[in-house]
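Chain by chain, the residues:
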Amino acid sequence: MLSLLATFAVAYAIPQTVSPLNNSTNPPPFNNQRAPVSGTVSTYLNLIQHPPQAISTTSGPGTSFSASIVADPTIIFNLDNSPFPQNEETVAVNPATNTIVGGYNDFRGILALLFPTVPAGFTGFSISNDGGTTVRTDGDLPKVTLPLTNSPTLSGGDPAVDSSNTGAFYFSNLYDNFSTSKFAGCPKRAPCESAILVFPSVSSSSLSSCLGTGCWGSPKIVVDTTFTGTPSSGIFNDKDWIVVDRTSHASGLYVTYTAFNLGNSQSTINMVRCTYDLTLCSSPSIISGPDLSTQGSFVAVRPDGSIAIVYVSYDTLPLRIRGIQCSPGTAVTFTCGAPTTIASITNEVFSLVNDDFRVPTLPQVAVDYSSAHPGRVIVVWQECNTQGVAGSTFVILTCPQPFVRAAYNDATSMAGPWTTVNVTSNGFFPAVAIDPSKGTVNVAYYSTTNDPWAHRLDLFVSQYLSGAFPGTPTVTRITTASDEPDADPLLHGGFLGDYIQATASSGTIYLGYTANYAQKGTPPSYGQDNYLTTVPD
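Keep in mind the model is a prediction, meaning the values are calculated, not measured.

### Here's the deal with the overall build of the protein chain
Moving on, step 1. Tallying secondary structure elements over the protein chain gives three helices and 34 strands in all.
Moving on, step 2. Among the 537 residues that make up the protein chain, the fraction classed as buried is 63%.
Moving on, step 3. Working note: accessible area of the protein chain is about 17,700 Å², and carbon and sulfur atoms make up 54% of it.

Rendered as structure tokens:
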């Protein structure tokens, strides 16, 4: 069956954002929204409305796939020998057991679209028992019957994973039944259901030997709504992120996400708080206050147990990086302050001049637990170094050179004051992690600085010793060969995911990212895979 899908003749384009005030290139039913809908959702809608046509170039269905990789200081963090891509990585670690869990968008879900009996989805995971030296098991999150429409639904991507002090992992992701009939799509069939699920891992001892979906317990539906495409109405949930409180306050776990209201074209940042055993969760609450066109929330826990959230507001130009601080109450309650502006983005990056994939601004946040700057909050994002390209006088349509900025705050409140600094003069998709045991600040990012055509990518990490941020970092090139992002036979460089992630613990930084180094398929081609690199910090 895999051999029938070895190569694809696919003709579709991933929509690129044109303007935050008139985002007409969001796919229906999101075309009236200012904030960009998830790239995963855009890609999925293209696939179900324009399914790929399989072309066999092998001798028969018994032909097997093989994988090879160029020399690179990393591992492919999956066991997939098919030509299907993976991207948009998240990673968490339990240093006590040397266990790493990674999540990613997994296009093995195409198999389930074409062959409904295949146990695959669009959210993949991988587990390593030895700190990232090898991959022990991988798989896709299972099909789940959503209750509002009684519809068996594939996992939908936008993964986020975090770990607890007890060795448990929690995995949040989207489940959207755009259709109950194959390839029909939500604009043609209603109502549709949009949910965010959290999967708890099995016990720490069982996690060391589990296989595939047997690594996860029963999921908790933390958000569940319905929506229609024609006419547009209801709520669609997007871009979830999860954090587990590992402080002495032990307040449980938190999920933030974007709620797109298709009836009034607004989008808000919402949050849910759950107990560790997931038996009790709060109702979703809007926390983005007066901001009505928002996207891309990331969340972290501060040493005092308060919750720090960052996101982008598309309400006005220039766009704004916004911050909120929330405090847990009794049971699963919480209260939040008003959003405050961390920074304004004069030159937004939506796409790059010499690459086809979208590059949305999704600020990431990390908190310092070290004695050097206890409670310091660091936020990273990307901007463009020029104003107005391709005929636009207001926003960047294509950016010739993006750079990474950061803001930090030593105050007890997310209200600041904030100090902004430049991290690197050439970079995008930044991810930030602070080692709680050492205080090392690690900022990972892609850059085209090694390519004179500003097209091929490398992954870098800038590392600042405890207390040294924002001084002079040690910069390490992670990839030994520049990556060709257009090599994937399915995505053709049109989508690289919307983010990567880094996490740090006990003197090691763990980098989860996308690259096209592995040859898979017959004839072999270089396709997207999720990679894991560990670097001392």
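### Points about the sheet that holds strand E28 (residues 428-434)
Moving on, step 1. The sheet built from four strands is open, its strands ordered E28-E29-E30-E31 with antiparallel pairing. Each edge of the sheet is formed by a strand with only one pairing partner; in this case those strands are E28 and strand E31 (474-477). Going from strand to strand, the sheet's axes swing by 20° on average, the running direction of each strand aside.
Moving on, step 2. As paired strands, strand E30 (residues 458-464) and E31 are joined by four bridges and run antiparallel to one another. From the neighbouring strand, Ser462 faces E31, where its bridge partner is Val475.

### Brief notes about the state of the cysteines
Moving on, step 1. Counted under the stated rule, the structure contains four disulfides.
Moving on, step 2. Paired through a disulfide, Cys210 and Cys215 show a sulfur-sulfur distance of 2.1 Å. Across the S-S bond linking Cys210 and Cys215, the dihedral sits near 100°, which makes this disulfide right-handed. The burial state of Cys210 is the same as that of Cys215; both residues are buried.
Moving on, step 3. Residue pairing for Cys384: its cysteine sulfur links by disulfide to Cys399, the two sulfurs lying 2.1 Å apart. The S-S bond linking Cys384 to Cys399 shows a torsion near 100°; that makes this disulfide right-handed. In this pair, Cys384 sits in strand E25 (residues 377-384) while Cys399 sits in the loop between E25 and strand E26 (402-409), placing the two residues 15 residues apart along the sequence. Neither residue differs from the other here; Cys384 and Cys399 are each classed as buried.
Moving on, step 4. Here the disulfide map of the protein chain reads 1-2, 3-4, 5-6, 7-8, the bonded cysteines being numbered as they appear in the sequence.

### Things to note about the side chain of Thr43
Moving on, step 1. Checked against the element boundaries, Thr43 lands in helix H1 (residues 39-49).
Moving on, step 2. A polar side-chain atom of Thr43 sits 2.8 Å from the main-chain carbonyl oxygen of Gly39.

### A look at the environment of Gly375
Moving on, step 1. As for its placement among the helices and strands, Gly375 is situated in the loop between strand E24 (364-367) and E25.
Moving on, step 2. Judged by relative accessible area, which is 10%, Gly375 ranks as buried.
Moving on, step 3. Measuring from C-alpha to C-alpha, the distance between Gly375 and Val301 comes to 9.5 Å, with 74 residues separating the pair along the chain.
Moving on, step 4. Filtering out sequence-adjacent residues up to four positions away, Gly375 remains in contact with Arg302, Pro303, Val367, Asp368 and Asn409.

### Digging into the nonpolar core
Moving on, step 1. Judged by nonpolar contacts, the single largest core of 80 residues is most densely connected at Phe107 and Val379.
Moving on, step 2. Discounting chain neighbours no more than four positions away, the residues touching Val379 are Val310, Ile321, Ile342, Pro363, Gln364, Val365, Arg405, Ala406, Ala407 and Trp418.
Moving on, step 3. One finds Ala433, Tyr446, Ala504 and Tyr517 within the second-largest nonpolar core, a separate group that totals 29 residues.

### A closer look at the environment of Thr534
Moving on, step 1. Mapped onto the secondary structure, Thr534 falls in strand E34 (residues 525-536).
Moving on, step 2. With residues up to four places along the chain from it excluded, the contact list for Thr534 reads Gly131, Thr508, Ile509 and Tyr510.

### Description of the pairing of E24
Moving on, step 1. Here E24 shows no split at all, with Gln364 and Ala366 on one side and Val365 and Val367 on the other all buried.
Moving on, step 2. Pairing of E24 with E25 involves four bridges; the strand directions are antiparallel. Within the sheet, the bridge partner assigned to Val367 lies in E25 and is Val377.

### What about the packing of aromatic side chains?
Moving on, step 1. A full pass over the atoms with the stated rule returns 19 aromatic pairs.
Moving on, step 2. Seen from their ring centres, Tyr408 and Phe469 are 5.8 Å apart, and the 80° between their planes marks the pair as edge-to-face. One end of the pair, Tyr408, is in strand E26; the other, Phe469, is in the loop between E30 and E31, and 61 residues separate them in sequence. Here the two residues Tyr408 and Phe469 agree in accessibility, since each one is buried.
Moving on, step 3. Ring geometry for Phe429 and Tyr446: centres 6.0 Å apart, planes at 55°, overall tilted.

### Brief notes about the layout of surface pockets
If you roll a probe as big as a water molecule over the atoms, it shows you where there is empty space left.
Moving on, step 1. Of the voids in this model, the largest pocket is the one considered here, and its volume is about 790 Å³.
Moving on, step 2. Around the largest pocket sit 35 residues that line it, and Asp162, Arg246, Ile434, Thr503 and Ala504 are the ones nearest its centre.
Moving on, step 3. Within the residue set of the lining of the largest pocket, elements represented by two or more residues are strand E5 (86-94), strand E11 (160-163), strand E15 (232-244), strand E19 (294-301), E24, E28 and strand E32 (501-505).
Moving on, step 4. Of the residues forming the lining of the largest pocket, the biggest block, five residues, is contributed by E32.

Here is what the cut-offs are and how they apply
Residues numbered from 1 in each chain as written. Predicted model: local features only at pLDDT ≥ 70, side-chain atom pairs only at ≥ 80, totals over all residues. Heavy atoms only, no water. Helix = DSSP H or I, 4+ residues; strand = E, 2+ residues; numbered from the N terminus. Buried < 20%, exposed > 50% of the residue type's maximum accessible area, 1.4 Å probe, protein only. Areas by Shrake-Rupley, 256 points an atom, 1.4 Å probe, with all protein chains shown as cover. Pairing = 2+ DSSP bridges. Axes fitted to C-alpha atoms, helices over the stretch in contact; angles between N-to-C directions. Disulfide = S-S within 2.5 Å. Polar contact = N/O pair within 3.5 Å; in protein donor to acceptor, adjacent residues only side chain to side chain. Contact = heavy atoms within 4.5 Å. Core = buried A, V, L, I, M, F, W, Y, C linked by side-chain atoms within 4.5 Å. Phe/Tyr/Trp six-rings, centres within 6.5 Å; stacked < 30°, edge-to-face > 60°. 1 Å grid on protein atoms, 1.4 Å probe; cavity = no way out; pocket = protein on both sides within 12 Å on 5 of 7 lines; lining within 4 Å. Points joined across faces, edges and corners; volume = space filled by probe spheres on them.

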